[in-house]
Amino acid sequence: MYTELNSILSTGPDSFTQGDFILVSDRQSDASFLIHHFLSFYLRARCKVCFLGLVQSFSHYSAVSQRLGVSLAQAKEKGQLVFLEGLNESLSVLIPQETHAGSQDMDFLRDPAVGLRSLYEFVQSSVRSSVGVEEGAEEWGPPVLLVDDLSVLLSLGVSAGAVLDFSHYCRATVCSQLQGNMVMLVRCDGEEEEEDGDDEGSERLLKGLTHQCSLALNVQGLPTGYCRDIHGQVEVCWRRRQGDGQNAQKKLFQYKVHDKGASFFARGTSSAVL
Amino acid sequence: MMAAPVESVCKPSAERSPFSATSFQKKSRSKLISIPGTRPSVQNGQLLVSTGVTSLDFLLGGGLAVGTVLLIEEDRYDSYSRMILKYFLAEGVVCRHELFVAAAQDNPDDILQELPAPILDDVAIHKPAEQPRLPCETHDSLDSMMIAWRYQNLPKVQSALASSSRFGHYYDVSKTMEPEIRQAAKCHRFYLPEHPTESSTTRSPVLKSYSALLRSLQEVIHREGFDVAASMAPLAAEHRCGAKNVLGFLGGSHIGSLSDRLSSRSPPEFENTTQDISTSLKYFKSSYSSISKSRNILRIGLHSLGSALWDDDLSCHDNPTHRHSLTAFLYGLRALLRSSLSVAVVTVPSHLIQWGLLLTLCFSVTRYDSGL
């Protein structure tokens, strides 16, 4: 959890708005440090967290969270964290075995045309289970869904439309019905300017998700190239809330990721410059 | 009179010496494993291996992290990319790592025969020329050292280990590696024409050829005991937490691979309840140490994936039917690698392919352009 980012977003583990859909995107840069931030943030806020880790192993997330002061293994044990390790689950589908049936959650791998229904059902069951609390179990706050990352689904053959359906269903369940939060990461490779048009599924996905989200964090590399003291810039974009009457607001920060955190500063105010 | 103060000075210092010896011990992290030819990253402590090209290691930030994939986009004539692949494999041979070579076009044996010869100044390959000569030989004085003469009697042989455990080597591309060095390395081969793709009824999202390759890789990783990396972290945590968590740990599904390995040998221990925790913990510890003794790295070289010879039509059609087969394969490869002590270099003839989302799945991508 990065306190500087919390103050930018004017939020904290004790007081955060519910029903938010936060979209994290990156372009020629790596925004996964924000996923780690939100994971530790919501675990500290005592939310019930459902994490779809599609790109890394559990031990990877666990090692990073350890540095940020949160133990994923403990959270899992206490029932606060539900973790889907996509890499592990996929192997039983990609290497079909007669004896082992494999789980249903990654059904889309067998036939991408089916869509992400089974994955949504996994999310639904894991966030809803928090509502009906059993006796004696610890009580957790509103449910939170984290996805790292959606672009992998495109590489595995799922269409952008199916991913948008998935996120919409999740938003309806998690954000609207249960008043929880949702954080999703999507990555784009190409330049923003170039319009390939036809098969750029990730661009279409990004546009669709930006339309759905309530807060967008857009991470980019520096346009001037690599710099040791500034790792890139984050564009924070609040979308207009109903009744608020305020226009969409944008702010741009530069950031540097440290060993145990990240610092955010206004453009040109890096300690290396001043 | 003089003897007494000297003695009184010497005695406490002699008593103190064990303490001073311990307090100045080199601080080292015990959980880092030492395998020849690897080193921990300066930045994050990840275990790195060399690609065989020292300058490429530098570009990658010290080396190739174990458990990752390096994807190399082939140049048009596959000359430079093939060389990178051979350097990677040759480095594995020199470091005594195990190899896995898969190809569809050339036989893996042919690729292995082309490995470049290492330039090893201090290697101990016992050649007859290096046998100790008799001192009475007259021509011996001619090539004896003139300046650093005091080093000439030092043994030349004992540095064999140092050489194979060193990180990164230099190679002479104009020569091929000598067969006896090459054959010392354990190598697993996958040559696609030798694997007839059976028409199975089980539906798989990837091509039969890729599926067969994944299965073969998984077999090697399980059989040769490379699949320990995933269980290392929970194991270390479990040792710290003590016996309370052992039951949950043993019953937990998250250790997957290791518990599969162990349960095949001793199923009853996993069904036991509280009274047997200590025995199973002991068993666990012993198996842990037995695994850690034989740890090695598996280097995986996959040549020209995505070409037509792998049954892939990515490079043949504008609108291929198996559009996502290669990416799904890479996803599976990543899954296999992340839970094992292995590292892969994959070359892909990307200039033939309408390039899509492939890049996002790999650790890093190197483009080689022959400039022709």
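What counts, and at which threshold
- Residues numbered from 1 in each chain as written.
- Chains lettered and ligands numbered in written order.
- Predicted model: local features only at pLDDT ≥ 70, side-chain atom pairs only at ≥ 80, totals over all residues.
- Heavy atoms only, no water.
- Helix = DSSP H or I, 4+ residues; strand = E, 2+ residues; numbered from the N terminus.
- Buried < 20%, exposed > 50% of the residue type's maximum accessible area, 1.4 Å probe, protein only.
- Contact = heavy atoms within 4.5 Å.
- Areas by Shrake-Rupley, 256 points an atom, 1.4 Å probe, with all protein chains shown as cover.
- Pairing = 2+ DSSP bridges.
- Phe/Tyr/Trp six-rings, centres within 6.5 Å; stacked < 30°, edge-to-face > 60°.
- Lys NZ or Arg CZ within 6 Å of the ring centre and 35° of its normal.
- Salt bridge = Lys/Arg side-chain N within 4 Å of Asp/Glu carboxyl O.
- pLDDT = per-residue confidence, 0-100.
- Axes fitted to C-alpha atoms, helices over the stretch in contact; angles between N-to-C directions.
- Parallel < 35°, antiparallel > 145°, perpendicular 65-115°, else oblique.
- Left-handed = near helix turned anticlockwise from the far one by under 90°.
- Nonpolar A, V, L, I, M, F, W, Y, C, P; charged D, E, K, R; others polar.
- Expected span 1.5 Å × (residues − 1).

## Digging into the overall build of chain B
Assigned secondary structure in chain B consists of 13 helices and 11 strands. Per-residue burial for chain B yields a buried fraction of 45% across its 372 residues. For chain B, the share of sequence-separated contacts (at least 6 apart) that also reach a separation of at least 24 residues comes to 78%. Per element, the accessible surface of chain B, about 20600 Å² overall, is 56% carbon and sulfur.

## Details of the overall build of chain A
A count of helices and strands for chain A gives nine helices and nine strands. Burial statistics for chain A: of 274 residues in total, 54% are counted as buried. A total accessible area of about 12500 Å² is found for chain A, and carbon and sulfur atoms account for 46% of it.

## Quick notes on the sheet that holds strand β1 (residues 38-40) of chain B
Residues and elements named next belong to chain B. The strand order across the open sheet built from three strands is β1-β2-β3, with neighbouring strands paired in antiparallel fashion. Only two strands of the sheet have a single neighbouring strand rather than two, namely β1 and β3 (64-65). Here two bridges tie strand β2 (residues 47-49) to β3, and the two strands are oriented antiparallel to one another. What sits directly across from L48, in β3, is A65.

## Digging into the environment of L205 of chain A
Residue and element names in this part refer to chain A. Tracing the backbone through its elements, the reader meets L205 in helix α9 (residues 201-212). Overall, the relative accessible area of 0% leaves L205 in the buried class. Through-space distance from the C-alpha of L205 to that of H231 is 25 Å; in sequence the pair is 26 residues apart. Aside from chain neighbours lying at most four places away, what touches L205 is L150, L154, A160, V163, L164 and V186.

## Structural notes on unusual backbone geometry
Excluding glycine, residues mostly carry a negative phi; peptide bonds, for their part, are mostly trans. Each neighbour pair has its own omega, and for D148 of chain A with D149 of chain A the value is -15°, a cis peptide bond. Phi at S10 of chain A is positive, roughly 45°, even though this residue is not glycine. Within the secondary structure layout, S10 of chain A lies in the loop between α1 (3-8) and β1 (21-27). Take S10 of chain A: its relative accessible area is 64%, and that puts it in the exposed class. Its identity as a non-glycine residue notwithstanding, D78 of chain B has a phi of 55°, on the positive side. Mapped onto the elements of the fold, D78 of chain B is located in the loop between β4 (69-73) and α3 (80-94). Classification of D78 of chain B by relative accessible area gives buried; the value is 13%.

## Considerations on the packing of aromatic side chains
For the structure shown, the criterion picks out 17 aromatic pairs over all chains. Through a chain of ring-to-ring contacts, three or more aromatic side chains come together here, namely Y2, F33, Y255 and F264 of chain A. For K76 of chain A, the ring lying beneath its charged end belongs to F58 of chain A, and the centroid distance is 4.1 Å. For R299 of chain B, the ring lying beneath its charged end belongs to F88 of chain B, and the centroid distance is 4.9 Å.

## Observations concerning the pattern of salt bridges
All names here are of chain A. Going through the model one piece at a time under the given rule, you end up with 15 salt bridges over all chains. D26 is the salt-bridge partner of R187, the closest N and O atoms lying 3.0 Å from each other. Of this pair, R187 sits in strand β5 (residues 181-188) while D26 sits in strand β1, placing them 161 residues apart in sequence. In this structure, D149 engages R187 in a salt bridge whose closest nitrogen and oxygen atoms are separated by 3.8 Å. Placement of D149 in the loop between β4 (141-148) and α7 (151-155) and of R187 in strand β5 is noted, with a sequence separation of 38 residues between them. Connected through shared salt-bridge partners, D26, D30, D149 and R187 make up one network.

## Some details on the confidence of the model for chain B
Residues and elements named next belong to chain B. With 53% of its residues at a pLDDT of 70 or more, chain B has an overall mean of 67. The least confident element of chain B, judged by mean pLDDT, is helix α9 (residues 246-251) at 29; the most confident is strand β9 (residues 298-302) at 94. Scored below 50 in pLDDT, residues 229-293 makes 55 contacts in the model with residues more than four places away or belonging to other chains. Across residues 356-372, confidence stays below pLDDT 50; counting only partners more than four residues off in sequence or on other chains, it has 53 contacts. In the predicted complex, the global pTM is 0.75; the interface-specific ipTM is 0.88.

## Remarks on the pairing of strand β7 (residues 232-238) of chain A
All names here are of chain A. Among the seven residues of β7, six are classified as buried, and the element is accordingly described as predominantly covered. Here six bridges tie strand β6 (residues 215-220) to β7, and the two strands are oriented antiparallel to one another. Looking at β7, one finds that V219 is bridged to V234. Inspection of the sheet shows β7 paired to strand β8 (residues 249-258) by seven bridges, in the antiparallel sense. Across the sheet, residue Q233 finds its bridge partner in β8, namely Q254.

## Concerning the packing of helix α5 (residues 86-94) of chain A against helix α13 (residues 325-338) of chain B
Relative to each other, α5 of chain A and α13 of chain B sit at 120°, their axes nearing to 9 Å. The orientation of α5 of chain A relative to α13 of chain B falls into the category oblique. For the element pair α5 of chain A and α13 of chain B, the recorded crossing hand is left-handed. For the pair α5 of chain A and α13 of chain B, contact is made by G86, L87, S90, L91 and L94 of chain A and by A328, Y331, G332, R334, A335, L336 and R338 of chain B, respectively. The residue makeup of the contact of α5 of chain A with α13 of chain B, split by class, is seven nonpolar, three polar and two charged.

## As for helix α7 (residues 208-223) of chain B
In this model, α7 of chain B (16 residues) spans 22 Å end to end at C-alpha, consistent with the 22 Å of a helix rising 1.5 Å per residue. Along α7 of chain B, the residues classified as buried are S209, Y210, S211, L213, L214, S216, L217, Q218, V220 and I221 of chain B. Contacts made by the buried residues of α7 of chain B are with α5 of chain A together with β5 (98-103), β8 (187-191), β9, α13 and β10 (342-348) of chain B.

## Notes on α5 of chain A
For α5 of chain A, the buried fraction is high: seven of the nine residues fall into the buried class. Residues of α5 of chain A that are buried include every one of G86, L87, S90, L91, S92, V93 and L94 of chain A, and no others.

## As for the pairing of strand β3 (residues 81-85) of chain A
Residues and elements named next belong to chain A. A large share of β3 lies buried, amounting to four of its five residues. Bridging between strand β2 (residues 47-53) and β3 involves five bridges; their strand directions are parallel. By the bridge assignment, F51 is partnered in β3 with F83.

## Things to note about the sheet that holds β3 of chain A
All names here are of chain A. The strand order β3-β2-β4-β5-β1-β6-β7-β8-β9 describes an open sheet built from nine strands, whose pairing is mixed. Strands with a single pairing partner mark the edges of an open sheet, and in this sheet they are β3 and β9 (261-266). For this sheet the average axis-to-axis angle between neighbouring strands, irrespective of direction, equals 20°. Note that β2 and β4 share seven bridges and pair parallel. Within the sheet, the bridge partner assigned to V49 lies in β4 and is V144. The sheet strands contacting helix α3 (residues 58-67) are β2, β3 and β4, and the helix crosses β3 at an angle near 135°. In the packing of helix α6 (residues 117-128) onto the sheet, contacts are made with β2, β3 and β4, and the angle to β2 comes to roughly 160°.

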